[in-house]
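Coordinate analysis (summary)
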Amino acid sequence: MTTTALNKSDLIERIAAKQINVTEATVEDAVKTMIDQMIGTLATNNRIEIRGFGSFALHHREPRV
């Protein structure tokens, strides 16, 4: 199974290509807002669950010696 990395600009381009009635600038604002909200949620030690996609949570570990 081959995995392909998808960065933020690639995500914006792919969404904008599928949404012909929405400008790329609007898609960019939406993606940035979503990512900022996810960062804020994780920063407060909360968990994010996107049904049918996955979940995100921070796991703190002791530093290695």
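The name an unreviewed UniProt entry assigns to the protein is HU family DNA-binding protein, from the organism Rhizobium hidalgonense.

**Side note on the pattern of salt bridges**
Applying the stated rule across the entire model yields 3 salt bridges. Among the ionic pairs, Glu-28 bridges to Lys-32, the shortest N-O distance being 3.1 Å. A residue pair is termed a helical-turn pair when its members lie 3 or 4 positions apart in one helix, as Glu-28 and Lys-32 do in helix H2 (residues 24–43) at 4 residues. We classify Glu-28 as partly exposed; its relative accessible area is 30%. In this structure Lys-32 comes out as partly exposed when scored by relative accessible area, which is 34%. The partner of Glu-49 in a salt bridge is Arg-47, with the nearest N and O atoms 3.4 Å apart. By relative accessible area, which is 44% here, Glu-49 ends up partly exposed. Judged by relative accessible area, Arg-47 falls into the exposed class, the value being 52%.

**Here we look at the layout of surface pockets**
The space that makes up the largest pocket amounts to roughly 310 Å³. Around the largest pocket sit Leu-6, Leu-11, Met-34, Ile-35, Met-38, Ile-50, Phe-53 and Phe-56, which together line it. The element contributing the most residues to the lining of the largest pocket is H2, with 3 residues.

**A word on the environment of Arg-64**
For Arg-64, the location among the structural elements is in the segment after strand S2 (54–56). Between the C-alpha atom of Arg-64 and that of Lys-18, which follows or precedes it by 46 residues, the distance is 45 Å.

**Things to note about H2**
The terminal C-alpha atoms of H2 lie 28 Å apart, and with 20 residues this matches the ideal 28 Å at 1.5 Å per residue to within 8%. Within H2, burial applies to Val-27, Val-31 and Leu-42. Down the axis, H2 shows its buried residues gathered within 40° of arc, on one side only. Of the residues in H2, the exposed ones pointing more than 90 degrees away from the buried face are Asp-29, Asp-36, Gln-37 and Ala-43. Close packing links the buried residues of H2 with helix H1 (8–18), strand S1 (48–50) and S2. Count one or two residues on from H2 and you reach Asn-45, which has phi positive near 60°.

Thresholds applied
- Residues numbered from 1 in each chain as written.
- Predicted model: local features only at pLDDT ≥ 70, side-chain atom pairs only at ≥ 80, totals over all residues.
- Heavy atoms only, no water.
- Salt bridge = Lys/Arg side-chain N within 4 Å of Asp/Glu carboxyl O.
- Helix = DSSP H or I, 4+ residues; strand = E, 2+ residues; numbered from the N terminus.
- Buried < 20%, exposed > 50% of the residue type's maximum accessible area, 1.4 Å probe, protein only.
- 1 Å grid on protein atoms, 1.4 Å probe; cavity = no way out; pocket = protein on both sides within 12 Å on 5 of 7 lines; lining within 4 Å.
- Points joined across faces, edges and corners; volume = space filled by probe spheres on them.
- Expected span 1.5 Å × (residues − 1).
- Arc of directions from axis to C-beta.
- Contact = heavy atoms within 4.5 Å.

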